[in-house]
Amino acid sequence: MANLKAAITGVGGYVPDYILTNAELEKMVDTNDEWIRTRTGIEERRILKGKDKGTSDLAVGAIQDLLSKTNTAPDEIDLLICATTTPDRIVPDTGSTICHKAGLSNATAFQMNAACSGFIFSLTTAAKFIESGSHKKVIVVGADKMSSIINYKDRATCIIFGDGAGAVLLEPSEEGLGVQDALLKNDGAGVEHLHIKSGGSVRPATAVTVMNDEHYVYQNGKPVFKAAVSGMSKVVQTVMRRNNLSTPDVNWLVPHQANKRIIESVAKMADFPIERVMMNIQRYGNTTAGTIPLCLWDYEEQLKKGDNLILTAFGGGYTWGAVYLKWAY
Ligand code: UT7
């Protein structure tokens, strides 16, 4: 078997039309545009409206964009991995629903939950399928309808999150382009600061848990902020060091979009000029598994074949990591 690498050969994206502005949030909770902009960098986020619309609809939007841009027929896809924290339902698997809705009739499919790091965990997993030679056209979609688990009375969380999805096509490259290295980490002690209290097997939903708003995201922002900065900057530096990369060798840093101040701190600690750091948090907020592919979608025209990219994310779990890849087109 030739030394196959898994190359990204296309990017698609989808964000819903409805724009939730800071001005609108000012009417919902005790907050203000100035605080949100200076503390997070977010100006607006998208919200999926409509009865019975879920994460699979966001994912299908991104996948249809990807298939059309890459001129790929749905039945050519042999694997789909959906990174999400907001599956359509606890049962069944959302990957199956997406395949059904998008016509991916020949794909093996499953969902993966690594919270905000879901996209890089799924990308790394998908790369193994390509590298082994078993699969040739793989889609990784990061999709989250965060508005389904956010309490719009809690100013600590409702200003941050948005809905959206981004998808990439992975194909084998014999030119050495694509995923070069990945470092993925977990620390379950992080559950204390970022979790949903009820609705899982530990504490199934009841009328009481719902009445107490326990089905929404709880976050203690400060410790998560600190862990995110230190976690991401360390893995970025480790991945660069072990691949003999110095800052000028890396064309783009692609960080998870949780907070502009986190992104700026990681860039500073990893000695990265901010002009080479992808950022679109101002328009979409934190779309969890969607942030990194939505950055690639927005910056696609600025990318060149052979560019070195470092992707990095941090999220609930804690989960975090970095992926080094060479852009393939
Ligand atoms: O993506 C998954 C991982 N998640 C993250 O990476 C998020 C990490 N954390 C953060 O991004 C930040 O911690 C937040 C944006 C969540 C909060 O920013 P902060 O600078 O850490 O604020 P804070 O929680 O320390 O609050 C500072 C002050 C407090 O008031 P006092 O006690 O100083 O009077 C808060 O009550 O700001 C107040 N505050 C707000 N004020 C206006 C908190 N939220 C708001 C708000 N609007 N929305």
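Residues numbered from 1 in each chain as written. Predicted model: local features only at pLDDT ≥ 70, side-chain atom pairs only at ≥ 80, totals over all residues. Heavy atoms only, no water.

Caption draft 1: Spotlight on the domain arrangement of the protein. Under the domain assignment used here, the protein contains domain 1 (5-176) and domain 2 (180-281 + 303-326). Summarising the inter-unit geometry, the C-alpha centres of domain 1 and domain 2 are found 16 Å apart. Counting residues at the interface gives 26 residues for domain 1 and 31 residues for domain 2. Between the two partners, domain 1 and domain 2, sit one salt bridge. Across the pair Lys305 and Glu175 runs a salt bridge whose closest N-O atoms are separated by 3.3 Å. Viewed at the interface, domain 2 and domain 1 are joined by 10 residue pairs in polar contact (both at pLDDT 80 or more). Secondary structure elements with two or more residues in the side of domain 1 that touches domain 2: strand S1 (5-14), helix H2 (33-40) and helix H5 (118-131). For the side of domain 1 that touches domain 2, the leading source of residues is H5, giving five residues. A per-class count over the side of domain 1 that touches domain 2 returns 13 nonpolar, eight polar and five charged. (Domains from an automatic or database assignment. Contact = heavy atoms within 4.5 Å. Salt bridge = Lys/Arg side-chain N within 4 Å of Asp/Glu carboxyl O. Polar contact = N/O pair within 3.5 Å; in protein donor to acceptor, adjacent residues only side chain to side chain. Helix = DSSP H or I, 4+ residues; strand = E, 2+ residues; numbered from the N terminus. Nonpolar A, V, L, I, M, F, W, Y, C, P; charged D, E, K, R; others polar.)

Caption draft 2: Quick look at the sheet that holds strand S8 (residues 178-186). Here we have four strands laid out as an open sheet, ordered S8-S13-S12-S11, and mixed in their pairing. The sheet is open, and its two edges are formed by S8 and strand S11 (252-255), each paired on a single side. Put simply, the sheet's adjacent strands are angled 15° from each other on average, direction ignored. Across four bridges, the pairing between S11 and strand S12 (residues 308-315) is parallel. Paired with Trp252 across the strands is Leu309, a residue of S12. Running at roughly 140° to S11, helix H11 (residues 291-299) makes contact with S11 and S12 of the sheet. (Pairing = 2+ DSSP bridges. Axes fitted to C-alpha atoms, helices over the stretch in contact; angles between N-to-C directions.)

Caption draft 3: Region of interest: the site of the ligand. In the vicinity of the ligand lie 21 residues, with Thr31, Arg39, Lys222, Asn259 and Asn286 positioned nearest. Between the ligand and Arg155, the relevant distance is 2.8 Å, taken from an oxygen atom to a side-chain nitrogen or oxygen of the residue. Here an oxygen atom of the ligand and a side-chain polar atom of Arg261 are 2.8 Å apart. Compared with its free state, where it exposes 950 Å², the ligand has 73% of that area covered by protein. Elements represented by at least two residues in the shell around the ligand include exactly H2, helix H8 (221-242) and helix H9 (260-269). For the shell around the ligand, the element with the most residues is H8, which contributes four residues. (Near = heavy atom within 4 Å. Areas by Shrake-Rupley, 256 points an atom, 1.4 Å probe, with all protein chains shown as cover.)

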